[in-house]
Structures are given as structure tokens and as C-alpha cells.
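Here's the letter readout for the chains.
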Amino acid sequence: MKSNDLPDGAAPIDFTLNGRAVEAAPGESILKAAQRVGVAIPHLCHKDGLRSPGNCRACVVDIEGERVLAPSCCRAPTPGMVVHSDNPRASAAQKTVLELLLSDAPGTTALKFDSELAHWADATGAQPGRFPARAAAAHDTSHPAMAVNLDACIQCTRCIRACRETQGNDVLGLAFRGGHAQIVFDQNDPMGASTCVACGECVQACPTGAIAPANGAYAKPSQVQVDSVCPFCGVGCQLTYHVSDGKIEHVEGIAGPANEGRLCVKGRFGFDYAHSPERLTRPLIRRADAPKDPRAIEHRDWRELFREASWDEALDAAANGFRQAMASTTARGRQGPVAGFGSAKGTNEEAYLFQKLIRTAFATHNVDHCTRLCHASSVAALMEGLGSAVVTNPLRDVQYADFVLLIGANPAQNHPVGATWIKNAVKNKGLKLVLADPRRTELARHSWKHLGFKAGTDVALLNALLHTIVFEGLTDPAYIEAHTLDFAQLKLHLADFSPEAMAPVCGIAATTLREVARAYATAKNAMILWGMGISQHTHGTDNARCLIALSLITCQIGRPGTGLHPLRGQNNVQGASDAGLIPMVLPDYQRVADGPAREKAERLWNLAPGTLGSEPGLTVVEIIDAAHRREIRAMLIQGENPAMSDPDAAHAREALAGLDHLVVQDIFLTETASLADVVLPATAWPEKTGSVTNTDRCVQLGRKAVPAPGEARADAWITEQLARRLGLGWAYGVAADGTATEDAHGGIGAVFEEMRALMPSIAGLSWARLQREGAVTYPVASESDPGHPVVFTDGFPTTSGRATLVGAGLTPPAERPDAAFPLVLITGRQLEHWHTGSMTRRSEVLDALEPGPVLSLHPETAARLGLVAGALAQVRSRRGGVSLAVRLDDGMPRETAFIPFAYAEAAANLLTNPALDPVGKIAELKYCAVDVRPVEVPRAEAARH
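Residues numbered from 1 in each chain as written. Predicted model: local features only at pLDDT ≥ 70, side-chain atom pairs only at ≥ 80, totals over all residues. Heavy atoms only, no water.

Caption draft 1: Inspection of the overall build of the protein at higher detail. Counting its regular elements, the protein contains 30 helices and 40 strands. For 945 residues, the compact-globule formula gives about 30 Å, and the C-alpha radius of gyration of the protein, at 29 Å, lands near that figure. On the principal axes, the C-alpha backbone points of the protein span a range of 90 × 75 × 70 Å. Here the protein holds 945 residues, and the buried ones make up 62% of them. Partitioning the intrachain contacts of the protein with sequence separation of at least 6 by distance along the chain shows that 71% fall at a separation of at least 24. Looking at the protein as shown, the accessible area adds up to about 33600 Å², and 51% of this sits on carbon and sulfur atoms. In the protein, which carries 90 positive and 102 negative side-chain charges, the distance between the mean positions of the two groups comes to 2 Å. (Helix = DSSP H or I, 4+ residues; strand = E, 2+ residues; numbered from the N terminus. Rg over C-alpha atoms; globule rule 2.2 N^0.38 Å. Buried < 20%, exposed > 50% of the residue type's maximum accessible area, 1.4 Å probe, protein only. Contact = heavy atoms within 4.5 Å. Areas by Shrake-Rupley, 256 points an atom, 1.4 Å probe, with all protein chains shown as cover. Lys, Arg positive; Asp, Glu negative; His and termini not counted. Charge placed at Lys NZ, Arg CZ, Asp CG, Glu CD.)

Caption draft 2: Up close: the sheet that holds strand β31 (residues 775–777). The strand order β29-β30-β31 describes an open sheet built from 3 strands, whose pairing is antiparallel. In this open sheet, the two edge strands, each paired with only one partner strand, are β29 (690–693) and β31. Each strand axis lies, on average, 25° off the axis of its neighbour in the sheet, ignoring direction. Relative to β31, strand β30 (residues 698–702) runs antiparallel, the two being bridged by 3 bridges. Considered in β31, the bridge of C698 is made with T777. Across the sheet, helix α9 (residues 348–361) touches β29 and β30, and the angle it forms with β29 is around 90°. (Pairing = 2+ DSSP bridges. Axes fitted to C-alpha atoms, helices over the stretch in contact; angles between N-to-C directions.)

Caption draft 3: Spotlight on the sheet that holds strand β17 (residues 367–368). Here we have 7 strands laid out as an open sheet, ordered β15-β14-β28-β27-β26-β16-β17, and mixed in their pairing. Strands at the two margins of the open sheet, each flanked by one partner only, are β15 (306–308) and β17. Pairing of strand β14 (residues 284–286) with β15, which is carried by 3 bridges, proceeds in the antiparallel orientation. By the bridge assignment, L284 is partnered in β15 with E308.

Caption draft 4: Geometry of the nonpolar core. Counting residues in each nonpolar core, the largest one holds 168 residues, and the members touching the most others are L386, L547 and L550. A per-element tally of this core places helix α13 (residues 458–471) first, with 9 residues. Residues within four places of L550 in sequence aside, it is in contact with L405, L462, L465, L466, I469, Y520 and I528. In terms of nonpolar packing, the next biggest core, distinct from the first, is built from 34 residues, V620, I632, L656 and A673 among them. (Core = buried A, V, L, I, M, F, W, Y, C linked by side-chain atoms within 4.5 Å.)

Caption draft 5: How the structure looks around the side chain of T840. As for its position among the elements, T840 is in the loop between β33 (823–828) and α28 (844–849). Owing to a relative accessible area of 0%, T840 belongs among the buried residues under this scheme. At 3.0 Å, the side chain of T840 forms a polar contact with the side chain of H833. Excluding residues within four positions of it along the chain, T840 makes contact with F232, K266, E832, H833, W834, L846 and D847. (Polar contact = N/O pair within 3.5 Å; in protein donor to acceptor, adjacent residues only side chain to side chain.)

Caption draft 6: Structural detail: the packing of helix α8 (residues 311–327) against helix α25 (residues 715–725). Remark: α8 packs on α25, axes separated minimally by 9 Å, with the N-to-C direction vectors making an angle of 60°. Classed by the angle they form, the pair α8 and α25 counts as oblique. Seen along the crossing, α8 lies across α25 with a hand that is right-handed. Only W717, I718, Q721, L722 and R725 of α25 make contact with α8, whose side of the interface consists of W311, D312, L315, D316, A318, A319 and R323. The residue inventory of the contact of α8 with α25, partitioned by class, reads 7 nonpolar, 1 polar and 4 charged. (Parallel < 35°, antiparallel > 145°, perpendicular 65-115°, else oblique. Left-handed = near helix turned anticlockwise from the far one by under 90°. Nonpolar A, V, L, I, M, F, W, Y, C, P; charged D, E, K, R; others polar.)

Caption draft 7: Structural context of the environment of A419. Mapped onto the fold, A419 is located in helix α12 (residues 416–429). We classify A419 as buried; its relative accessible area is 1%. For A419, the residues in contact, after removing those within four places along its chain, are P411, A412 and L443.

Caption draft 8: Layout of the pattern of salt bridges. Under the counting rule described, the total for this entry stands at 52 salt bridges. With a closest N to O distance of 3.6 Å, E260 and R396 form a salt bridge. Of this pair, E260 sits in the loop between β13 (247–253) and α6 (265–269) while R396 sits in the loop between α10 (376–386) and β18 (403–407); the two residues are 136 residues apart in sequence, bridging distant segments of the chain. Across the pair E622 and K921 runs a salt bridge whose closest N-O atoms are separated by 3.7 Å. Placement of E622 in helix α22 (residues 620–628) and of K921 in the loop between β38 (913–916) and β39 (923–924) is noted, with a sequence separation of 299 residues between them. In this structure K921 comes out as partly exposed when scored by relative accessible area, which is 27%. (Salt bridge = Lys/Arg side-chain N within 4 Å of Asp/Glu carboxyl O.)

Caption draft 9: How the structure looks around the side chain of S645. Its place among the elements puts S645 in helix α23 (residues 642–645). On the basis of relative accessible area, S645 is assigned to the buried category, the value being 8%. Excluding its chain neighbours within four sequence positions, the residues that come into contact with S645 are L373, H835, T836 and N909.

Caption draft 10: A look at unusual backbone geometry. Geometrically, the link from Y778 to P779 is a cis peptide bond, its omega value of 5° lying close to zero. Summarising the element assignment, P779 is placed in the loop between β31 and β32 (803–804). Here R630, not a glycine, exhibits a phi torsion of approximately 65°, which is positive. When you line up the elements, R630 lands in the loop between α22 and β26 (634–638). Not every positive phi belongs to a glycine, and K921 is a case in point at roughly 60°.

Caption draft 11: Quick peek at helix α19 (residues 540–553). If you check α19, its first and last C-alpha atoms are 20 Å apart, about what 14 residues at 1.5 Å a residue would give, namely 20 Å. The element α19 is extensively covered by neighbouring structure, given that 14 of its 14 residues are classed as buried. Positive phi shows up at C555, right after α19, with a value of about 60°. (Expected span 1.5 Å × (residues − 1).)

Caption draft 12: Seen up close, the packing of helix α4 (residues 158–166) against α12. The interhelical angle for the contact between α4 and α12, taken along N-to-C directions, is 85°, at an axis separation of 9 Å. The orientation of α4 relative to α12 falls into the category roughly perpendicular. From α4, R164, E165 and T166 reach across to α12, where they touch T420, N424 and K427. Per-class residue counts for the contact of α4 with α12 are no nonpolar, 3 polar and 3 charged.

Caption draft 13: Representation of the packing of aromatic side chains in the model. Taken as a whole and assessed by the stated rule, the structure comprises 9 aromatic pairs. Seen from their ring centres, F403 and Y520 are 5.7 Å apart, and the 75° between their planes marks the pair as edge-to-face. Linking F403 in strand β18 with Y520 in helix α17 (residues 510–522), this pair joins segments that are 117 residues apart in sequence. Each member of the pair, F403 together with Y520, is buried. (Phe/Tyr/Trp six-rings, centres within 6.5 Å; stacked < 30°, edge-to-face > 60°.)

Caption draft 14: Focus on the environment of G261. In this structure, G261 sits in the loop between β13 and α6. As for G261 and P583, which are separated by 322 residues in sequence, their C-alpha atoms are 37 Å apart. Apart from residues lying up to four places away in sequence, G261 is in contact with E201, Q204, G253, I254, A255, G256 and R268.

Caption draft 15: Quick look at the pairing of strand β3 (residues 60–63). Along β3, one buried face is formed by V60 and D62 and the opposite face, lined by V61 and I63, is buried too. Where β3 and strand β4 (residues 70–71) come together, 2 bridges link them in antiparallel fashion. Along β4, the bridge assignment pairs V60 with P71. Across 2 bridges, β3 lies against strand β5 (residues 82–84) in antiparallel orientation. Across the sheet, the residue bridging to D62 is H84, located in β5.

Caption draft 16: Inspection of the state of the cysteines at higher detail. All chains considered together, the criterion is met by 0 disulfides. Lacking any disulfide linkage, C199 is separated from the closest cysteine sulfur, that of C202, by 6.3 Å. Residue classification places C199 among the buried residues on the basis of a relative accessible area of 10%. Of the cysteine sulfurs around C237, a residue in no disulfide, the closest is that of C230, at 6.0 Å. (Disulfide = S-S within 2.5 Å.)

Caption draft 17: Spotlight on α4. The buried fraction of α4 amounts to 7 of the 9 residues, a majority that puts the element mostly inside the structure. Taken together, the buried positions of α4 are R158, C159, I160, R161, A162, C163 and T166. Where the residues of α4 are buried, they touch α3 (116–124), β8 (172–175), β9 (182–185), α5 (201–205), β10 (211–213) and α12.

This is the structure in C-alpha cells:
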């Protein structure tokens, strides 16, 4: 083998393998070198991506001059070494090892059709029965997602290494001794009762099926394999759908740029929502005898509310309703009668077409999506300070960081694969992780410091860090001088925010605040990650301004392992925002007030000059308020569920029910769809092809894997058909069934190319290139540009080329606890369920893991309130109330409650405060005052028990 086939920059090491000259890279194992030159050596404990312990001994080779055989998976060649993998001595040893393992794990192909043990036994001629069989082990079927059959276990320990070293979950281990040794979960607990988070990394690592999907999917080969992207969080994991008879049987992770084969429980086991019997399969029109009732929207049978219709009838009804709304008033722009909510769970092309439809058919910029409820304040602060709202560095850059500040985020629950990179960096690279969060969440055990500050006091904490850095001389004056504006004003502002002054406010000792500030400022590379705990406040923009300032004054930006990364929530919230699904900007964040940007869009969209107005539209909460006032009379909602996701949900439901005309495109009859006049059945993520953009700015291609049920149609097709009925004359030719070809002259390819023409950030990413490469990180200026994972290396996209430093004052939450409502409520997501639960709660595995809503309380708080684990509690705010079971969590702050917002039967947003950040227009979903007390059981019912 020639040295130019080696990894880049490697100096070759010459050795001999089975009589042929071979070159290996320094540190490369004999096994890897052999695989590169096509020499097959049996191996079982080795798996690419895992550390090789050499414990199975199936890969032993004979090295001339050495007395004992060597495991090739963990032995590196040296110059002149002579190795034999196929001589009689090595072959006999390999065969004997495999026959010993066959006696331990007979018939593994019944569990895993492509058992690696069976493969290597066949390759070497190893036969079962030479050695006595091991005693049968008990099967463990206690987990909804995975089954454990230790009869097939060969103790290769790949599952342990996958759990501990890849995912960092530390659940699996090897217990007992000698012939009694076995793989265990925690303290030999049943898998379903253990702390397993069901990432399934062990399933993907197991060579024999000893740990396998509970549905038996590994027992036979799938008919079709389709590479795509996970439809849940913003990490953007690549995966392969294994499909048989038009149904997804199981999912495996592949080597995508964000995940390198890793998945979480949702990505690996949450796919069956697409095959739910609750899927919408035909268009629906509301029955005349079914008035809208905003107080009764959960779990309604569609037959109670709607009748089935043909697509032509439904589309005509949808378009006619919008025409009537437009005819009801001459007002246009933000005062116009129509608005639209697009989706962060669809494709870039769908988002682009949706915002184009609203802007061109209804002469308004009243179009928004769920970014308004997650990172709008982050976007506002980043645009203000840096001239761009993108993340500066990919999440995996934590591997190059010496220090990471993770604030207001819970990646172990919300971005689990992203959390694995953080855990890996702590363990393998010595990363100093500071977790700043009122709750002590899972990553706290991996952190150097946990700053459990008082909820709502983010600015006090961050200003104390800034004060320390500025007044202890830990800034980078040269960078500040060359690349920033307004440092003098910031310094003057920070004078009153010493750690000693802020410690009583935020609840963190001044010495700790100074220690953390010094560590951040003096680290070679420091990175800041944040989530909705930063953004979902009335002072969310101020929170983000502080984080931006921390990065800028220390020059912790523009290099690998530095920068600012607001963790994007849904799978395409970045892409939907990029595509213009925001009321104040066109695609690529070009402001609607910018005349040249509007003129460019008007030319591309064949509109008369001046058609697009210069006034930004209304945002999500503003649209709902305007609908409540009956200023907005009609809405088009694509894949969003504001009846569950909007703050003060009762108010939102009343507003939606009061619309003259509501059209909803979705895959299920969501709480929002139950209030619609027309419901249009759409395709689920695995049923269409299109692009998505993850939290790292990586544009990736999702591919159609299965057919849609019944008459469900792709959202992009639905949007095009509506546009035609509204007189726009679109002619993309989008396929109704969600398919796409490599042709960029029609279909989704044509939509992508039009979108690209308005987006300088992806100017060099053609539809053909995306088909060819599958994933490209923008900005990408030309076809030859590889993309830029790290941005702002030499300045900022502002008029001056500099970033602006903006100080933030202390602003309390809009609603504080008092005698009537003495506790603070925090809401959020949880590992097993996503957003409003419309998808994950229709996944059998995910809903079995977390079947109902829970109220998390600190044990001391629960005891004071007279509550125990499992007891039913009532939670009330000034806007509504819910009842749900108590879960004790000693990671919770005292006098604080946490409720996930995925459960319609106890909708957390019935409680939350719609007060808005004045800049980002985001609601204060992370803080409101509540009262918690036991649910009083009626005396007659208590007597029965």
C-alpha cells in the first residue's frame, strides 16, 4: 500500500503482513492497517469509534520473534515487524476463540440476522458444539424499547464502552467474577428499572443481538435502507431508516457531522409516530353543527367536529375563506386581517414557500413561527451586537475548548447527543464545565462548578462576571480596540455590579463568581452555550447581551473552541428562520425595512414594485392578541400547535376559536387543529425529501423513506396549491407525495434554487451539491467553498465591521411570587417528549417511558406542602390551573416547581405569563408565580379507599 493512502500528514511505518509490504500510520493498529489493505482478521470486541480493549482475542495475530499471540486491535506495528494473521498458529487460535464464544452464545442469528459472531465463525470454519454450553440466562424484557438476552452475550464489553465512553451515561457494567461474570445495568437492576436513558448506543454496538430492539427488528434484514436526518431537536443527527413493507422497523445512527453515529431515545426509538393510527389521512371541513369550543379541545375524535372532503373541495374552502377575510377590510400590512404560523419541524423549502405565500397573497409580513417562543431574544441581541444571529461555532467545538459556560440549558434532556460531546470533552480533554442553572440537572455531575442561581437573576450573575473581568484587568484590550464599539460605556455601566453586590441578588457567593470569571477569561479557548433558560424571559435580550459581551471583551470568539452557541430547539428552527419565517426579515435576515432587499425579492417573485411593505409584521404572541381583538380574522397554520405552545394558553385558544377562518396543515388532529375550519393532512418527516439546517448552521438533506398514509400530502405541495387558488400562479410542480429528484428545474429542487437566490449565506450550495454531499455548513460563497463552521474570524457583518457592546440593567421578572402565588414555575422539555408532544406522545415507546405529566418539586418543598411522590397536586397561576402527579427531585431549587409542556391533559402553558421581552417579543415562559397544593379527594371517594 502506498503512503498517500494513509491519513493526512501521517509518516508511514513499514511492516510485513502475511508476506506483503504494508505501510501504517503512527499509532494505527495492525487490525486497522489490515482492513485498509483488504486483509480480513476476525474481531468482535473492536468496533470503529470505540476504544479497543483486546479482550475477546478473536483478532490475535502471530508476530515473528514474540512468544505469545497479540491482539491486532490494540497493537500497533513497528518498523520491520513481520505479522501473520493467517498462518496455522494464528488461524487455529482465532478459530478456537470463536468456538468458545459459540458455546457461550449459540444461535445468535435468531436475534440478529447479521450476527458478527456468526459471520466470523463462518469465515473461519468455527463450529458450535466443540465446548459445553453455558447455563441459560434469564431474559430481561422490562424495557419498552430494548430486550436483553444474555444467552447471546459474549462479554465483548462493546455495550459498556458505548454507554460509558461514547454516551457518558455510566449505566452498564461488568459484575461478578470468573464464569459468573455478566453485563449488568446499575446494580444488576432490570433494564426497565435502571437509570438507562434508552439512547440505544448499546443496541447499535452489540455484535450478537444480546441487546436488541424489543420489537425484534434485528431478526431479519430490512428491505430498504434510507439515509436521512432526525426530526426532533436541533442537533441534526444523521440516521438510517430501515424499512420493510413501507414501514420503519428500526433506526440506526450514521456518521453525520453532528452525531458520528450517535442517537438519543427519540431519534432511535421515536420513529413510530409516523405510523400512528391517529394520522390524518383525508382533508376535513368543520361540520355546521360543531361550534368551536376552546375549553374542549383535547383528545377529540375528528368525526365529532369534521366531515371528510376531497382535496379540491378542501383547498377551495381554504382559499375562499382567506379571500373573504381579505375582502372584509382594506387594511393591509400588520393591520391586515390574515396571518400565518409556519413550522420549525418542516423543511427549509416548506418554510420558504410558506413565508412567500403569506407575504405575496395577503400583502403582510404577519408570519412567524416557534423561534419567537424559544430564541427570539437571542436573535435580537446577536443581530444588534454582531450583525448576525447565527451560532459562531458548532457544538462539537467543545472538544477544542478548555472552558465551557453552559447556562439556562439542559442538553442531557433537550440535546442529548450534544451533551455526549460535552461529557466526552470533560472526561477526555479536561474541559472545565460550568453549569449555570437554577436546577441541578444531569450535567452537574460532570461540571467543575454548578451555579444554582436564583431563577430570574441571570443578569445579576452575568454582570458580576463581566465586572470581575473588566476591573481585574482580564480583558483583551487589543481585540476590544480593533473589533468592538462602546467598551467605555460598558465599563462605566458595570461599575455597580461587583460580585459582592450581586451575590445577594443571584444567590452565588462572590468568591465563586470571581473564580468562574477568572477561569473563563484566562482560558486559552472558552465557549458559551445557552438555551431557553436565557431567552424565555422579559429580560431575555439583556441576558444574551451579557453573554455576547463576555465573549467579546475576552477575545473568546472567532477560533475553534470559542464563541457563542444558542442551542436551537427544534430540528429546523435555524433553517426556518434563515428562510424568512420571521415577521421583520426576509430570507437571510434581510430586514423588510431595507428597500434593496425588498426590491430583490419582488423581482424574484414577479411582484410589482412596492408590493412588499416596509413595516415589520406582528409576532406570535402579538398575532394571537390581535386575533383575540378580532383584528386578525383568518390564519393559516402549518405544523404548529399554538393552543399548546403559546403562553396563557386559554387566551390563545379563545383567540383561535374566535377566528372567522382557520386552516391547519398537520399530521395529527392537534389541539390547534381541533379549532380549525379546514384541516389539511400533511406528510410526516420520513415521508418527504427536503433540506434542514441544524443548530451548527449545517444544511442537511432529509430523504423520503416511506409512503404517506391515505391522501396525506406534502406541505410544500399544499402551499403551492393554495397559492394557485389565491391567484399567484406558482408553477414549481412540487410532488404531492413528497418525492424529489436531482432536477433543480422543477419540484423541491426548484424551490431550493429560488430560495438560494435570496440567501447569500448559501450562494455556493446548489441543489446538485446538496444531493451529492448531503451536508454543508454555511456560509458557503461558491461551489468550491467548503463552508465555514467557525465565523467572525476577522470581523463582523456590520457597517463598521465591529461588534457592539451593550450593557444590561437589572430587570425583575414580570410576575413575582407573593402570598397568593408563592412558588416560581419553570417549564421546559424532557428527554422522552418533544415540544407539545404531538409526535412523541404518539410513539408507543416514548409514551410508555413517560406516560403522563409530572410536577417536579424539591423533597423539602413537597413535604412543606403536604405532598409525597405520586400524590396529585393542583398548580394554579393567575391564568389557569392544572392537576398532575408529584415527582420528587432534589436537583430542584426550593420553592420552585417544574412542569414539562408536552401534556395536553396538564398543559403547562395554561399557567405561563404572556408578558413579552420588549426587544425580542418573546414571552416569559420560564418564570411565573404559582400556588401548589394537594388535590382534595372528595370524602365519598376517600371512604371507598
